[in-house]
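Commentary on secondary and tertiary structure
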Amino acid sequence: MTDVRGYIAEHRDEFLTDLKEWLAIPSISGDPAHAPDVRASADWLAAHLRRIGFPVVEVWDTGGHPAVFAEWTAADPGAPAVVVYGHHDVQPVEPLGQWDTDPFTPVERGDRLIGRGTSDDKGQVFFHTLGLRAGMAATGATAPPVTIKLLVEGEEESGSVHFADLLRARRDRLDCDMIVISDTTMWSADVPSMCTGMRGLTEAELTLRGPASDLHSGSFGGAVPNPLHAMAAMLAGLHDADGRVTLPGFYDDVVPLTAEERALFAKLPFDEDAWLRTAGESRAAHGEAGYTTLERIWARPTAEVNGLWGGHTGPGGKTIVPSEAHAKLSFRLVAGQDPATVEDQFRAWVAQRTPSGVEAEVRTSGGGVRPCFSPIDAPGVRAARAALEKAFGTEVLFTREGGSGPEADLADILGAPLVFLAVGLPGDRIHAPNEKVEIPLLLKGAEAVALLWEDLGSAPR
Ligand SMILES: [Zn+2]
């Protein structure tokens, strides 16, 4: 009987041959001309999953591009069920001239596999197929140790527009104890890590109105409210002296960082000067007092003024008291916060601070993006971390990520905890020319999931 690692090494070439065949299908969901390719990609995956033994494989139609669902029930009826989420659609490939190879003719260069979708996300979906087979080969089992429900979406790169509806419609079929997401990155090849959350977002536009029309500043200036002055004063008060956002109740729902999580963040080899260079050559780090740069971008909410305008901005002078002032703002939200609540808090803040004689109008995005979060001491996170540590032979640290996709919908609609298990790297150039994935990391991912399913399946219950 072979062990998990041995099976994976033996099947490496076959795994890559199959993956390349899938990668060659240009499943660009954002381009209507490629709609047949997105369907072909779903059909290819469905056929492959049937071939490797999944007893149930279905292509699920949505209002847009199809998703693939495959279920393999555990031999033990009491074993937990896991939904594994990934996506089979990819980003567009323009500008084509910047690719060194054809984006849909995947090529191996040393340990790298280059092509659109290698890292985001076909490669990461595919390591699950290898890991599942390796785990069963290692134990001689004919069914996995946990029930696997693979859900591979076809619209992630176009905003997952039909995904929440699909989850609601198929809620019964997707019943599970845990959701594993394989669509993120690790810190580096040497420093394996797990993502534990993604920030959410909401946006607002604020308009302040003073006089009904622009006024002559000689005749009226100094005696009526100037909406641009009011706007400047309000926005200057958006943060206090410690860099904290002044919206009433803004931090009330924020899940605080634990001492353990902060200590693990601090272990990451973070070079702030190098990071500042990637931050548009910013000259200094700046933000909420009492938090490190990584804590600020991962675990703390923010308010940003994105744009500000009003009055005369053309050539030459124009001596007016302007009628209107405008600003666009956005709020990055973290674990525990709800976009709709923050929108209400912003309205309350505006009402509180609008001076008399000025009228305020607030427009918000109405919903925004919810943050998602899994505590590092959640049982699934602990188990996945232990499996990754076994596969990599080193300590696994934690990160979080900036942008959020359909993860919050998965957690909320399926009512199960999220576990991020992924092996992409920040340097994989996802969404950009020359996307690549590190083949040894895909194999480590396969090994980790084989170990994880075994561990979850044998846990006492
Ligand atoms: Zn992705």
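Report follows, based on the coordinates. Remember, predicted model here, so these are calculated numbers, not experimental data.

**Quick look at the coordination of the zinc ion**
- Taken together, the protein ligands of the zinc ion are His-87 (NE2), Asp-120 (OD), Asp-183 (OD) and Asp-183 (OD), with distances of 1.9 to 2.7 Å.
- Around the zinc ion sit four donor atoms, and with donor-metal-donor angles ranging over 53 to 150° the site reads as irregular.
- All donors of the zinc ion belong to a single chain; written as a sequence motif, their spacing is H-x32-D-x62-D. In this pair, His-87 sits in strand β3 (residues 81–87) while Asp-183 sits in the loop between β7 (178–181) and β8 (193–198), placing the two residues 96 residues apart along the sequence.
- Assessed through its relative accessible area of 0%, His-87 is described here as buried.
- Relative accessible area serves as the criterion here: at 14%, Asp-183 is assigned to the buried category.

**Observations regarding a negative patch on the surface**
- A cluster of like negative charges, contributed by Asp-252, Asp-253, Asp-338 and Asp-344, occupies part of the molecular surface.
- Of note, Asp-338 is situated in the loop between β13 (324–333) and α10 (339–353).
- Residue class for Asp-338 comes out partly exposed when judged on its relative accessible area of 32%.

**A few points about helix α7 (residues 259–267)**
- Taken as a whole, α7 has its buried residues at Glu-261, Leu-264 and Phe-265. One side of α7 holds all its buried residues, which, seen down the axis, span an arc of 105°. For α7, exposure combined with an orientation more than 90 degrees from the buried face picks out Ala-259 and Ala-266.

**Re the side chain of Glu-156**
- Position of Glu-156 among the secondary structure elements: in the loop between β6 (147–153) and α5 (163–169).
- Lacking a salt bridge, the buried Glu-156 has Arg-116 as its closest oppositely charged neighbour, with an N-O distance of 11 Å.
- A distance of 3.3 Å separates a polar atom in the side chain of Glu-156 from a polar atom in the side chain of His-87.
- Leave out the neighbours within four places in its chain, and Glu-156 touches Tyr-85, His-87, Asp-89, Asp-183, Gly-405 and Pro-406.

**Overview of unusual backbone geometry**
- Cis geometry is adopted by the peptide bond preceding Pro-95, which originates at Glu-94 and carries an omega value of 0°.
- Relative to the helices and strands, Pro-95 is located in the loop between β3 and β4 (107–109).
- With an omega of 10°, the peptide bond between Asp-120 and Asp-121 qualifies as cis.
- One non-glycine residue, Arg-429, adopts positive backbone phi at about 55°.
- With a relative accessible area of 38%, Arg-429 lands in the partly exposed category.

**Quick word on the sheet that holds β4**
- The three strands are arranged β4-β5-β18 in an open sheet whose pairing can be described as antiparallel. The open sheet has two edge strands with one neighbour each: β4 and β18 (436–438). The sheet shows a mean angle of 25° between the axes of neighbouring strands, direction not considered.
- Relative to strand β5 (residues 112–114), β4 is paired through three bridges, and the arrangement is antiparallel. The residue bridging Arg-109 from the neighbouring strand is Arg-112, located in β5.
- Relative to the sheet, helix α2 (residues 12–23) contacts β4 and β5, its axis offset from that of β5 by approximately 15°.

What counts, and at which threshold
- Residues numbered from 1 in each chain as written.
- Predicted model: local features only at pLDDT ≥ 70, side-chain atom pairs only at ≥ 80, totals over all residues.
- Heavy atoms only, no water.
- Donors = N, O, S within 2.8 Å, 3.2 Å for Na, K, Ca; no water.
- Tetrahedral: all angles 85-135°; square planar, octahedral: opposite > 155°, others 65-115°.
- Helix = DSSP H or I, 4+ residues; strand = E, 2+ residues; numbered from the N terminus.
- Buried < 20%, exposed > 50% of the residue type's maximum accessible area, 1.4 Å probe, protein only.
- Patch = residues over 30% accessible without salt bridge, like charges linked within 9 Å, V, L, I, M, F, W, Y side chains within 5 Å.
- Areas by Shrake-Rupley, 256 points an atom, 1.4 Å probe, with all protein chains shown as cover.
- Salt bridge = Lys/Arg side-chain N within 4 Å of Asp/Glu carboxyl O.
- Lys, Arg positive; Asp, Glu negative; His and termini not counted.
- Charge placed at Lys NZ, Arg CZ, Asp CG, Glu CD.
- Arc of directions from axis to C-beta.
- Polar contact = N/O pair within 3.5 Å; in protein donor to acceptor, adjacent residues only side chain to side chain.
- Contact = heavy atoms within 4.5 Å.
- Pairing = 2+ DSSP bridges.
- Axes fitted to C-alpha atoms, helices over the stretch in contact; angles between N-to-C directions.

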